[in-house]
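# Structural description and commentary
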Amino acid sequence: MSEDIIAALKENVVQGRKSLEDEGIDEDLTGTPGVVELTQQALDAKVPPDKIITEGLTAGMQIVGDKFASKEYFIPDMLASAEAVGAAMDILKPLLEEAHVETKGKFAIATVKGDIHDIGKNIVAILLKGAGYEVHDLGIDVPTEKILDFIRDEKPDYLGLSALLTTTMVVMGEVIEGLKEGGLRDSVKVLVGGAAVSEEYAREIGADAYCIDGFDAVRVLEGY
Amino acid sequence: MVREGILIDKPFERMTHEQVLMIHDASIEILSDPGLLCYNKTAAEILHSNGAEVTAVTPSDLPCWHIKMPARLVTDAIEAAPKTVKLGARNPDNMLVMKGDEPRVYFVSGSETNIWLDVDFPTYVKKSDPSVELRVPEFHARRGTVADLCQSAHVCEHLETLDAYIRTVNIQDRDITEDNKDVNKFFASLNNTTKHFMTGLTNLQQLDNVVHMAELIVGGKEQLKENPIISLITCLVKSPLQFVEDTTDTFMEGCKRGLPMVVSSSPQAGSTAPIKEVGIMAQINAEVLAGITLGQLVNRGTPVIYGSVPVRARMDTLGDSYGSIETSQYNIDCVQMARFYNIPNYSTAGVCDTKTPGQQTSIERLFSDILVTLSGPQYLHCAYGLLDCNSVFCLLQAVLDDAHFQMLKFFLRRPRIDEQEMATVLKQLREVVATPQKLYIRYIRPVMRSGEISPAYAFEGDGETDDVFYLAYERMQELLTKPVEHIHPATTARIFDEVPGILPRLNVYDERRQ
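Residues numbered from 1 in each chain as written. Chains lettered and ligands numbered in written order. Predicted model: local features only at pLDDT ≥ 70, side-chain atom pairs only at ≥ 80, totals over all residues.

### A word on the overall build of chain A
Secondary structure assignment for chain A yields nine helices and five strands. Ordered by position from the N terminus, the helices and strands of chain A form the series α-α-α-α-β-α-β-α-β-α-β-α-β-α. Its C-alpha atoms give chain A a radius of gyration of 18 Å, within 12% of the compact-globule value 17 Å for 224 residues. If one aligns the C-alpha atoms of chain A with their principal axes, the spans along those axes are about 55 × 40 × 25 Å. Evaluated residue by residue, chain A yields a buried proportion of 43% over its 224 residues. (Helix = DSSP H or I, 4+ residues; strand = E, 2+ residues; numbered from the N terminus. Rg over C-alpha atoms; globule rule 2.2 N^0.38 Å. Buried ≥ 20, exposed ≤ 12 C-beta atoms within 10 Å, placed from the backbone.)

Okay, structure coming up:
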């Protein structure tokens, strides 16, 4: 019974179905349980949360990643699966905390002060959540002080900064300077990205990594 | 089932109704004053017996008659010409139905070139970085052969956007003669495509042989009338205003047999027609109407297509400039004139001045392809693979053109804006604004695989490199390996028995042919 639920969970991650309202890819599966419902069913059947994650969610995402690499899947497919996994992680989070199971890491993400662009940031957040990170989205046009306060108080492992404009990307450098001044620089890895940003600019301002997109961000984090 | 083509809801027209009437009136006037020269005795006699003023031209190197057509003769012929023309196909699903008042466009290949352009991709080492190898297309021109014609028909069979096949290359093998050229070009084409086949005729003596071949394929005379799998293009009027002896014969014989006939005229603005738009339009329209008139007098009700291949002269060489902007304008005007008469139109687009595939080629082709398509010709000879005006055919270019027509067809889809669609998106909108991410991405997926989203450019390379030619070449090779439905073995046997002159190596069922 529990094996069937895990298999269905994995398949529904591949289909990118968050809930029973979603269609899926191969056929119209509307009305059958999606990842959210199956996660709850698994918990009801006493399947351990770590098994749900490794054999259901992560195994499904692995297939999705392979399909994306072979160009069978496109970004909307990848995001749908990541969003479904993210929703499952929201259900599992309290149980993981209870069981003292650690996530892959705490990730704070923000579009810097003066910049209101958030499509890229939101996609990165969905993908990271789907990849098993605990994501804290601080929003858009976030003042540098607010970012520094969050780093100081919540102690995330990673900070992702996004900027679309050449006029606002300089704020990324100000955030990193602020981290240094506050003695916080060594406590957090800083990843930067956005249309205006480049590998060279990331080096110039002292960021730990430049990520060209959300998938690159997942790859970079797995390297740490 | 017939091919769908693409319906242009609001065709692009350049001329006002008053300007159309002015062109029409001028053409009618031209046909009576100054009239035409006619080098075909039979045509002169037919026109004379139907009320045209005919006088022998003397002195003249060739027998020649001066024809003055009264307006009534022309307008009566316009009325008699069928307003719907059906072009059949070996596979009936590939049939075309063209209505003169309906701007439904069919995309067609053509036309006959002497040169076939091969391509290969040698690699070169980059001087500044010897670790980098560059793949560069090299084009090689040679005379076209019957094997090339088979290959082009084969690939055109599989080109999704191509609705009918006009033969692409002149067959110049050593064993092809004036006498056996027609039967071989018809068989090579018909055996490798199930789409409609249109061509010109080299030798009138072969007309009955090719008609018999078509009858054998469809099952008889009556069946060929119902499903005319072949049609003929004839340039019976040479600009300015001259009925040519041999093509006029071909035209009249085709009309007698009830074959669909394209009355084609191809004046060049600047040399064989006035350089001004108003002048070339009045003249080409008069020339096409003269042909239509003769066709209806030979066989009233015979299906004719208003064929227009106007072109502007190059100022540097006085050669044809198909890539010029005016050429597209003339073609669009001709489409409008044909629609004024409710007679289906054969128009021209996509012919370019360049000799090899490349940037200028794409620009010239796409410019006219898009604009002339928007004007709504029924039968658009859009020159798949044609280069260097009408001189060179390149199969690789035909594959590239197919990708461009796919884009054009996608663009011309009707907008899907209705109550149901609106209700669906308003529901989505409300759902999305209530989420933290505010993204519509999850709603892409149901439509992504339904064909509602235009695909990426068919020959997009990885990364930043431009691999268009190589990727198109791979596609071309893939299409060549896809099988085609050849003519049935028993029919093939009868064709080889009853139609003389077909080269034995074209019989795909003959194991000895290799």
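### Here's the deal with the overall build of chain B
Across its full length, chain B carries 16 helices and 25 strands. Dimensions of chain B, computed from C-alpha atoms along their principal axes, come out at roughly 85 × 60 × 50 Å. Considering chain B as a whole, with its 514 residues, one finds that 48% of them fall into the buried category. By sequence separation, contacts in chain B at least 24 residues apart represent 74% of the contacts at least 6 residues apart. (Contact = placed C-beta atoms within 7 Å.)

### Details of helix α8 (residues 245-256) of chain B
With 12 residues, α8 of chain B should reach 16 Å at 1.5 Å per residue; the first-to-last C-alpha distance of 17 Å fits that figure. Elements in contact with the buried residues of α8 of chain B: α2 (41-49), α6 (207-218), β14 (230-234), β16 (242-243), β17 (261-265) and α9 (277-298) of chain B. (Expected span 1.5 Å × (residues − 1).)

### Re the domain arrangement of chain A
All names here are of chain A. Once the domains are mapped, chain A shows domain 1 (2-98) and domain 2 (106-222). Its C-alpha centre places domain 1 at a distance of 27 Å from the equivalent point of domain 2. On the side of domain 2, six residues touch domain 1, which itself brings nine residues to the contact. When contributions to the side of domain 1 that touches domain 2 are tallied by element, the ones reaching two or more residues are α3 (49-69) and α4 (75-98). A per-element tally of the side of domain 1 that touches domain 2 places α4 first, with seven residues. (Domains from an automatic or database assignment.)

### Comments concerning α6 of chain B
Residue and element names in this part refer to chain B. For α6, spanning 12 residues, the distance from its first C-alpha to its last is 17 Å, which sits close to the expected 16 Å at 1.5 Å a residue. Buried within α6 we find Asn209, Val210, Met213, Ala214, Leu216, Ile217 and Val218. Residues of α6 that are buried in the fold lie against α5 (181-190), α7 (221-226), β14 and α16 (489-498). Gly219, located one to two residues past α6, shows a positive phi value of around 110°.

### Considerations on the pairing of strand β19 (residues 304-308) of chain B
The side chains of a regular strand alternate between both faces of the sheet. Residue and element names in this part refer to chain B. Most of β19 is tucked away, with five of its five residues classed as buried. Residues Val304, Tyr306 and Ser308 line one face of β19 and the alternating positions Ile305 and Gly307 line the opposite face, and both faces are buried. Pairing geometry for β17 and β19, over five bridges, is parallel. By the bridge assignment for β19, Val263 is matched with Tyr306. (Pairing = 2+ DSSP bridges.)

### Notes on the confidence of the model for chain A
In this model, chain A carries a mean pLDDT of 91, and residues with pLDDT of at least 70 account for 100%. Mean pLDDT values over the elements of chain A span from 86, in helix α5 (residues 119-130) of chain A, up to 97, in helix α6 (residues 144-154) of chain A. (pLDDT = per-residue confidence, 0-100.)

### Details of the sheet that holds strand β2 (residues 134-142) of chain A
Residues and elements named next belong to chain A. In spatial order, the strands read β2-β1-β3-β4-β5; together these five strands make up an open sheet with parallel pairing. Taken across any chain shown, the strands that pair with only one partner, and hence form the sheet edges, are β2 and β5 (209-210). Each of β1 (106-112), β2, β3 (158-162) and β4 (189-193) touches α5; the most contacted strand, β1, lies at about 175° to it. Docked against the sheet, α6 engages β1, β2 and β3, running at close to 160° with respect to β2. (Axes fitted to C-alpha atoms, helices over the stretch in contact; angles between N-to-C directions.)

### Things to note about the pairing of β14 of chain B
With five of its five residues buried, β14 of chain B lies for the most part within the structure. Burial along β14 of chain B is two-sided: Ile230, Leu232 and Thr234 of chain B and Ser231 and Ile233 of chain B, pointing in opposite directions, are all buried.

### Focus on the interface of chain A and chain B
Frequently, the measure chosen for interface size is the accessible area removed from exposure when the parts meet. Counting residues at the interface gives 13 residues for chain A, matched by 10 residues for chain B. For the side of chain A that touches chain B, the secondary-structure elements that each account for two or more residues are α4 and α5 of chain A. The dominant element in the side of chain A that touches chain B, judged by the number of residues it contributes, is α4 of chain A, at five residues.

### A short note on the domain arrangement of chain B
The domain architecture assigned to chain B consists of domain 1 (6-16 + 80-411) and domain 2 (419-448). Taking only C-alpha atoms into account, the centre of domain 1 of chain B sits 45 Å from that of domain 2 of chain B.

### So, the environment of Leu96 of chain A
Residue position: Leu96 of chain A is located in helix α4. In contact with Leu96 of chain A, other than residues within four places in its own chain, are Pro49, Val101 and Thr103 of chain A.

### Quick look at the confidence of the model for chain B
Looking at chain B as a whole, the pLDDT averages 95, with 99% of positions reaching at least 70. Scored as a complex, the prediction yields pTM 0.86 and ipTM 0.72.

### Some thoughts on the sheet that holds strand β20 (residues 311-313) of chain B
Residue and element names in this part refer to chain B. With mixed pairing, three strands are arranged side by side in an open sheet as β18-β20-β21. The sheet is open, and its two borders are formed by β18 (268-269) and β21 (320-321), each paired with just one other strand. Pairing between β18 and β20: two bridges, direction parallel. Bridge pairing links Ala269 to Arg312 in β20.

### Notes on unusual backbone geometry
All names here are of chain B. Note the cis peptide between Asp33 and Pro34, where omega equals 15°. As for its placement among the helices and strands, Pro34 is situated in the loop between α1 (17-32) and β2 (36-38). Cis geometry is found at the peptide bond from Thr58 to Pro59, where omega equals -10°. Relative to the assigned elements, Pro59 resides in the loop between β3 (53-56) and β4 (65-68).

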